[in-house]
Every structure is written in C-alpha cells, then in structure tokens.
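Given next are the chains, with one letter for each unit.
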Amino acid sequence: MPRSLRVFAEHSYCVYSTVWNPRHADVFLSASGDCTLRVWDVRDPHASLIIPGHNHEILSCDWNKYDDCIIVSGSVDKSIKVWDVRNPRREITMLQGHTYAVRRVKFSPHRAHLISSCSYDMTVCMWDYMAPEDALLAKYDHHTEFAVGIDMSTLVEGLLASTAWDENVFVWQDGMDPRA
C-alpha cells in the first residue's frame, strides 16, 4: 500500500487546492477554507509563507508559469487576487466580475498576464490582470449549472476546456462561442 512521503498539516480547515511551483521542484502552494494560501517546501515540515488571502474560503490557486513569484487565488468572496510572494502583505490586483464563489483559477501557459476562472455563477471568464482599465477580456455563460473546472491547453494557444455540474465538458477556442 502506498504511503505519503510527508504530511503537511498546518491548515485549520479544508484544503481545496494544491499546485506545484513551475520552476522549483520542491515548492508547492495550497489554498484552504481557513482563508489562507500557504507556500511549502517539501524539505521543511512547516509552511515557509502564509498569506491571509481572503475574508472567505479560498477554493483555488495557481502559479504563474512565467514568473514563479506570482500566484493567483479564487475565493468564496467572489474575487480573484493576484499576489507576489516577495511582498505578500497586499495583493497586486483584485479582479471582480463573478457573482458567486470562484471555483477555479488558472494562469495561461502561453501568456504571462492571462488568467481563466470559473464560478458557481455558471460562467467562465478570461482576465488580463495587468490591464490598466478593464481586466475582464471575455465572459462565457454556456454552462447551466455550477462551473467547477477550467483548463487551457499547453499545446494549442487559446484552446479552453470547462466542466460543470451540468455533466458537460465544453472545449472551444477563446473568442468563439463554446456552444457553436
């Protein structure tokens, strides 16, 4: 029977998401219902950084593939926050546009400033978190139940897939109608 190599047990509520750092093999990030993000190094039993990220449960997190100091979080508070782990006291930016909890956030594997998100409001959104004006680039409302999964192809730029409680998986090119 497989055994865990190590258990990291500092969160005080459900852990909803973990993701490995894209450049450091021993570092990962976790998001929890205790409203914190934690950065871990597998060589240390304690979190190396704790970010009190939101006032409500944090359901999702991801690392930027182009800058391993930049992370993103999505929360029950309906917001998405982008953080620099070198200065975690305040987010770089907060993105608002979902009307219910943000279930999943994902950095683009092709564009450094592009983030996708999905929400219990049944929408999928595309964001440019460095945009000087409106960061919301596109909003898709093709699901009929809670949208819970979003991913971007690492091989085909702009190719998206989303999942929801409606038992559908939609695959489409960004900018196109997913229902087409």
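Cut-offs used in this document
Residues numbered from 1 in each chain as written. Predicted model: local features only at pLDDT ≥ 70, side-chain atom pairs only at ≥ 80, totals over all residues. Heavy atoms only, no water. Helix = DSSP H or I, 4+ residues; strand = E, 2+ residues; numbered from the N terminus. Rg over C-alpha atoms; globule rule 2.2 N^0.38 Å. Contact = heavy atoms within 4.5 Å. Lys, Arg positive; Asp, Glu negative; His and termini not counted. Charge placed at Lys NZ, Arg CZ, Asp CG, Glu CD. Salt bridge = Lys/Arg side-chain N within 4 Å of Asp/Glu carboxyl O. Buried < 20%, exposed > 50% of the residue type's maximum accessible area, 1.4 Å probe, protein only. Core = buried A, V, L, I, M, F, W, Y, C linked by side-chain atoms within 4.5 Å.

## What to know about the overall build of the protein chain
Point 1. A tally of helices and strands in the protein chain yields zero helices and 15 strands.
Point 2. Taken over the C-alpha trace, the protein chain has a radius of gyration of 16 Å; the compact-globule value for 180 residues is 16 Å, and the two agree within 12%.
Point 3. By its C-alpha atoms, the protein chain is 50 × 45 × 35 Å across when sized along the principal axes.
Point 4. Sequence separation of 24 or more characterises 39% of the internal contacts of the protein chain that already satisfy a separation of 6 or more.
Point 5. Of the side chains in the protein chain, 17 bear a positive and 24 a negative charge, and the two mean positions are spaced by 5 Å.

## Section: the pattern of salt bridges
Point 1. Scanning the model with the defined rule gives eight salt bridges in all.
Point 2. One salt bridge in this structure joins D41 and R43, with 2.5 Å as the shortest N-O distance.
Point 3. The partner of R86 in a salt bridge is D84, and the shortest N-O contact between them spans 2.7 Å.
Point 4. We classify R86 as exposed; its relative accessible area is 57%.

## Some words on unusual backbone geometry
Point 1. In this structure, K78 takes a positive phi of about 80° despite not being glycine.
Point 2. Tracing the sequence through the fold places K78 in the loop between β6 (70-75) and β7 (79-84).
Point 3. On the accessibility criterion, K78 (39% relative accessible area) is partly exposed.
Point 4. Despite not being glycine, M122 shows a phi value in the positive range, around 75°.
Point 5. Structurally, the position occupied by M122 is in the loop between β10 (114-119) and β11 (124-128).
Point 6. For M122, a relative accessible area of 32% gives the class partly exposed.

## Details of the nonpolar core
A general trend in soluble globular proteins is that nonpolar side chains are found buried together.
Point 1. With 13 residues, the main nonpolar core has V72, I80, L95, I115, W127 and Y129 as its most contacted residues.
Point 2. At the level of secondary structure, the elements contributing two or more residues to this core comprise β6, β7, β9 (102-107) and β11.
Point 3. In terms of residue count, β9 provides more of this core than any other element does, three residues in total.
Point 4. Discounting chain neighbours no more than four positions away, the residues touching W127 are I80, L95, Q96, G97, H98, H113, L114, I115, S117, A135, L136 and L137.

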